[in-house]
Amino acid sequence: MATATRKTNWFAIWISVGVVVVLVGLVAVVAVLNSRATDPGPAPAASGINRETGAITFGKGPDKVSTYVDFMCPYCGQFEEAEGKTISGLVDDGSITLEVHPVTILDRLSQGTEYSSRAASAMYAVAEADPGNAYAFFRALYDNQPKEQTPGLTDDELISLAKDSGVKMTAKLEKAIKDHEYKSFAQSQELPEGATGTPTLLVNDQIVPVTYDAQKDIVANLTSR
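Throughout this document, residue positions are counted from 1 along each chain, in the order its sequence is written. Predicted model: local features are reported for residues with pLDDT of at least 70 only, side-chain atom pairs are reported and counted for 80 or more only, and whole-chain, interface and lining totals are derived from all residues. Excluding hydrogens and water, the side-chain values take into account all heavy atoms of the structure.

## With respect to the layout of surface pockets
Keep this limit in mind: Only protein atoms enter the 1 Å grid used here. Points where a 1.4 Å probe fits but cannot escape make up a cavity, open sets with protein on both sides within 12 Å along at least five of seven lines make up a pocket, and a residue lines them when an atom lies within 4 Å of a point. Grid points are joined across faces, edges and corners, and a volume is the space filled by probe spheres set on the points. The helix and strand labels rest on DSSP assignments: H or I over at least four residues marks a helix, E over at least two residues marks a strand, and numbering proceeds from the N terminus. All amino acids are sorted into three groups, where Ala, Val, Leu, Ile, Met, Phe, Trp, Tyr, Cys and Pro are nonpolar, Asp, Glu, Lys and Arg are charged, and the leftover types, Gly among them, are polar.
Roughly 170 Å³ of volume is contained in the largest pocket. As for the largest pocket, its lining consists of Ala125, Glu128, Ala129, Asp130, Lys168, Thr170, Lys172, Leu173, Lys175, Ala176, Asp179 and Glu181. Every element with two or more residues in the lining of the largest pocket is listed here: α3 (115-129) and α6 (171-178). In terms of residue count, the dominant contributor to the lining of the largest pocket is α6 (four residues). Class assignment of the residues belonging to the lining of the largest pocket gives a composition of four nonpolar, one polar and seven charged.

Rendered as structure tokens:
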């Protein structure tokens, strides 16, 4: 009986190997992209910045007021205009500890420039480099707030705004603002549980509905008053 000689189909084998290599490569790319999406990047190193919660702290009062704000959000601008002076006074007289949480939920409304993220990154950079003048810069960001659906302030304008706010502008700080050093960190910050948007206000860890009346929203909820 004649026996047939089995021939190895090398073409099919190499095709199979190639497919496997491509699939492995795609899995690796997806894994890298996913890790980048969840990687908060470098965190600002300063005693007044909580690297876990993203809070920038001002003052050392017995009551805690926490705000979650987006620098492009017009309602945050209205909140700052209506209640910012009272909040500032409560920080200055030692009544409250203020925790500002920059969030970046409105990047889509700045014509591709990611203004919310850039401004938040600049805020973190200033709070790290010159904490004594960081609150003045925070207030200035709202005094000069751009409208939605605009590119927002440029990096150079953010730097000029910081200088005008009294911030000591070093080459390192200027580079941090232009390089958006803390953009990924800012983008990793989230609203607290139960919040639906910005501004979100908490007094002593309890969410308070914003009415744009500081006496009702904040002062009436302080335990030290």
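## Considering the sheet that holds strand β3 (residues 96-102)
Quick reminder of the rule: Any two strands between which DSSP finds at least two bridges are classified as paired. Axis angles are defined between N-to-C directions and span 0 to 180 degrees, where every axis is a line fitted to C-alpha atoms and, for a helix, only to the segment in contact. The contact criterion used throughout is that any non-hydrogen atoms of two residues lie within 4.5 Å.
Taken in spatial order, the five strands make up an open sheet running β1-β3-β2-β4-β5, and their pairing is mixed. Each having just a single partner strand, β1 (56-58) and β5 (206-208) make up the two edges of the open sheet. The sheet shows a mean angle of 25 degrees between the axes of neighbouring strands, direction not considered. As paired elements, strand β4 (residues 200-203) and β5 share three bridges and run antiparallel to each other. Looking across to β5, one finds that Leu201 is bridged to Val208. Those strands touched by helix α2 (residues 74-92) are β1, β2 (63-69), β3 and β4, and its axis lies near 150 degrees from that of β3. Across the sheet, α3 touches β1 and β3, and the angle it forms with β1 is around 50 degrees.

## Some details on the side chain of Thr67
What counts is decided by this rule: For every residue, the accessible area obtained with a 1.4 Å probe (protein chains only) is divided by the maximum for its type, and the residue is called buried under 20%, exposed over 50%, and partly exposed between those limits.
Mapped onto the secondary structure, Thr67 falls in strand β2. The class of Thr67 is buried, set by a relative accessible area of 4%. Setting aside anything within four residues of it in sequence, one finds Thr67 in contact with Phe79, Leu98, Glu99, Val100, His101, Thr200 and Leu201.

## Things to note about the side chain of Asp155
If you trace the backbone, Asp155 turns up in helix α5 (residues 155-164). According to the relative accessible area criterion, Asp155 is buried, its value standing at 17%. Non-local contacts of Asp155, meaning those with residues more than four positions away in its chain, are made with Arg118, Ile177, Lys178 and His180.

## A look at α5
The condition that has to hold: Note: the arc covers the axis-to-C-beta directions of the helix.
Those residues of α5 not exposed but buried are Asp155, Leu158, Ile159, Leu161 and Ala162. End-on, the buried residues of α5 take up no more than an arc of 160 degrees, which puts them together on one face. Packing partners of the buried residues in α5 comprise α3, α4 (134-143) and α6. Backbone geometry just after α5 places Gly166 at a positive phi near 95 degrees.

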